[in-house]
Amino acid sequence: QDTFQAPDYYNIDDLLTEEHRLVRQAARDWVKRDVSPIIEEAAQKAEFPKSIIKGLSEIGAFGPYIPEEYGGAGLDQISYGLIMQEIERGDSGVRSTASVQSSLVMFPIYAYGTDEQKKKFLPKLASGEFMGAFGLTEPDHGSNPSGMTSNYKDKGNHYLLNGAKMWISNAPFCDIAVVWAKNEEGRIHGLIVERGMEGFSTPETHNKWSLRASATGELIFDNVKVPKENLLTGKSGLGAPLSCLDSARFGIAWGAIGAAMDCYDTALRYSKERMQFDKPIASFQLQQKKLAEMITEITKAQLLALRLGQLKNEGKATTAQISMAKRNNVDMAINIAREARQMLGGMGITGEYSIMRHMMNLESVITYEGTHDIHLLITGADVTGIPAFK
Ligand code: TGC
Ligand code: FAD
């Protein structure tokens, strides 16, 4: 890890501002100091390392683009992407925690919450005093969240919430959850559910072979009385959670580059040192093909992410453009992880190197925030005008 060199084959750094580079350096230094030394053990033990929460807040990973008046870092979208890239170079599970907190909890409260909700929750989420979760997926409704059955009824002075969410990042330790549920008319709304509310529980999901350093769980609502002031009033319908996914998927498109960079860098250095047949394995054409294709794919992904960041800064990035980048970059990263692992031979399966952990993590990343197939269908619907989901 000490000698990590970030690939920049096309001098993309020249297109970044001084602020982008400073923000990235701070995140990179923090990952090197506080994440890389502990993350393998946390993943092996399947424990979320709570010690990193403070650091995530300090590098601006909780609400990078949320205005400073609410405790956010007030940065642009490219800075947000670069922070996610550096964190995921450390571990996709750590990036998940930051993605959920920023894009799936702070963003909906910022975009659709009342002034009181923003003042009450955003500064505490930015500092990490409160950790958040986002409940959209249900046991019977993953790719198709519009079919959700979680529901709430108006009981005069409060709402009564029932239902269950599954596969929820940060659930086991969250202080609050932004939960999507249908009202009596079947319209989807967001509600802020707080730990301690009677009937609200968050059992942990065990036995994952992927994203082991991230805590995943369920959100169960058994007649939970949610105060009326906890309803997100600014937007309703499936478009409200889908707009949050736009932001998280954007961050993942950048994050996946970090995981790929780490795998590439590890494989490159290993191949120059590892001798077989009296030569470094880097001298064999087959290994060079792998490395050449890796750096080509990383470079293409960097350019896609950067252009998407520019569009997002201008408020012009479409959902379909974000889908394409999420799908392409995660697929790129998982393929690089698989090739890089082979380049390390037997050593590649051990925890001495980060590659196998990245590879296993990326199986979740290619599934959550819209599966690889769903993103392909989003592109297909965009170019043909014919949605093929149903
Ligand atoms: P569809 O008919 O396309 O849209 C329903 C309504 O929403 C509007 N809309 C949007 N509005 C704002 N922003 C967007 N990005 C929007 N996309 C769509 C749309 O205009 C429509 O509005 P209206 O007024 O006409 O009702 O919806 P559909 O039911 O056909 O679904 C489309 C589909 C399949 C693409 C969508 O459901 C989907 O993306 N499914 C994948 C589910 C998913 O990604 N779940 C992720 C859960 S969260 C998670 O995984 C966190 S992982 C942790 C981490 O990030 O690290
Ligand atoms: P399904 O929807 O059952 O899909 C199964 C397969 O069918 C997939 O290959 C899919 O591509 C395919 N498929 C489905 N529909 C179609 C179609 N129309 N056409 C072609 N193929 C189709 N969710 C949250 O709400 N919050 C979180 O914080 C969160 N964190 C997660 C953390 C982890 C570690 C994981 C693994 C998941 C998380 N998720 C979260 C859930 C995640 O978003 C879902 O797993 C994902 O959306 C897919 O849903 P599913 O697992 O139910 O798969």
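Residues numbered from 1 in each chain as written. Chains lettered and ligands numbered in written order. Predicted model: local features only at pLDDT ≥ 70, side-chain atom pairs only at ≥ 80, totals over all residues.

Q: Which parts of the structure should I look at to understand the overall build of the protein chain?
A: Each helix and strand counted, the protein chain has ten helices and ten strands in total. Dimensions of the protein chain, computed from the C-alpha atoms along their principal axes, are close to 80 × 45 × 40 Å. Residue burial in the protein chain is summarised as follows: out of 390 residues, 51% are buried. Expressed as a percentage of contacts within the protein chain between residues at least 6 apart in sequence, the contacts between residues at least 24 apart total 76%. (Helix = DSSP H or I, 4+ residues; strand = E, 2+ residues; numbered from the N terminus. Buried ≥ 20, exposed ≤ 12 C-beta atoms within 10 Å, placed from the backbone. Contact = placed C-beta atoms within 7 Å.)

Q: Would you take a moment to explain the UniProt feature "domain: Acyl-CoA dehydrogenase/oxidase C-terminal" (unreviewed entry) in the protein chain for this structure?
A: Using the residue numbers shown here, the UniProt feature "domain: Acyl-CoA dehydrogenase/oxidase C-terminal" (unreviewed entry) corresponds to residues 236-381. Secondary structure content for residues 236-381 is 75% helix and 3% strand, and the end C-alpha separation is 23 Å. (UniProt positions renumbered as here; feature names shortened; annotations may be inferred.)

Q: Even after reading the chapter, I still don't get the nonpolar core, so can you show me in this structure?
A: One recurring pattern in soluble globular proteins: nonpolar side chains tend to sit buried together. In terms of nonpolar packing, the biggest core is built from 111 residues, with Leu191, Val193, Ala256, Ala260, Ala333 and Ala337 touching the most fellow members. Counting residues per element, this core draws most heavily on helix H6 (residues 239-273), which supplies 16 residues. In this structure, Leu191 is in contact with Tyr152, Tyr159, Leu161, Val179, Ala181, Val226, Asn230, Leu231 and Leu232, ignoring residues within four places of it in sequence. (Core = buried A, V, L, I, M, F, W, Y, C linked by C-beta atoms within 7 Å.)

Q: It is not clear to me how the site of ligand 2 should be interpreted in this structure. Could you clarify?
A: Among the 21 residues in the neighbourhood of ligand 2, the closest are listed as Leu136, Thr137, Gly142, Ser143 and Asp373. Taken together, the elements giving at least two residues each to the shell around ligand 2 come down to strand S1 (132-135), strand S3 (158-169) and helix H10 (372-384). Its residues assigned to classes, the shell around ligand 2 shows ten nonpolar, nine polar and two charged. (Near = placed C-beta within 6 Å. Nonpolar A, V, L, I, M, F, W, Y, C, P; charged D, E, K, R; others polar.)

Q: Where do I start with the site of ligand 1 in this structure?
A: The full set close to ligand 1 counts 27 residues, and Ser96, Gly239, Ser243, Tyr368 and Gly370 are the nearest of them. Taken together, the elements giving at least two residues each to the shell around ligand 1 come down to helix H4 (92-112), H6 and H10. Among the elements that line the shell around ligand 1, the one with the most residues is H6, at six residues. Its residues assigned to classes, the shell around ligand 1 shows 13 nonpolar, twelve polar and two charged.

Q: Which parts of the structure should I look at to understand the packing of helix H8 (residues 319-343) against helix H9 (residues 355-365)?
A: The relative placement of two packed helices is expressed as an angle between their axes plus a distance between the axes. Interaxial distance between H8 and H9 falls to 9 Å at its minimum, and their mutual angle equals 150 degrees. Put simply, H8 runs roughly antiparallel to H9. In the crossing of H8 with H9, the sense of the turn from one axis to the other is left-handed. Facing Val330, Ala333, Ile334, Ala337, Arg338, Ala340 and Arg341 of H8, the residues of H9 in contact are Ile355, Met356, His358, Met359, Leu362 and Val365. (Axes fitted to C-alpha atoms, helices over the stretch in contact; angles between N-to-C directions. Parallel < 35°, antiparallel > 145°, perpendicular 65-115°, else oblique. Left-handed = near helix turned anticlockwise from the far one by under 90°.)

Q: Would you mind going over the environment of Ala126 with me for this structure?
A: On the secondary structure map, Ala126 appears in helix H5 (residues 115-127). Classification of Ala126 as buried rests on a count of 24 C-beta atoms within 10 Å. Between the alpha carbons of Ala126 and Arg341 there is a distance of 36 Å; along the sequence they are 215 residues apart. Beyond its immediate stretch of four places on either side in the chain, Ala126 contacts Ser57, Phe62, Gly63, Ile66, Tyr70, Gly71 and Gly72.

Q: How do you make sense of helix H7 (residues 285-313) when you look at a structure like this?
A: Since one α-helical turn is 3.6 residues long, residues separated by three or four positions face the same way. In this model, H7 (29 residues) spans 42 Å end to end at C-alpha, consistent with the 42 Å of a helix rising 1.5 Å per residue. For H7, the set of buried residues is Gln287, Met294, Glu297, Ile298, Ala301, Gln302, Ala305, Leu306, Leu308, Gly309 and Lys312. Tucked inside the fold, the buried residues of H7 contact helix H3 (77-90), H6 and H8. With its phi angle positive at about 70 degrees, Gly315 sits one or two positions after the end of H7. (Expected span 1.5 Å × (residues − 1).)

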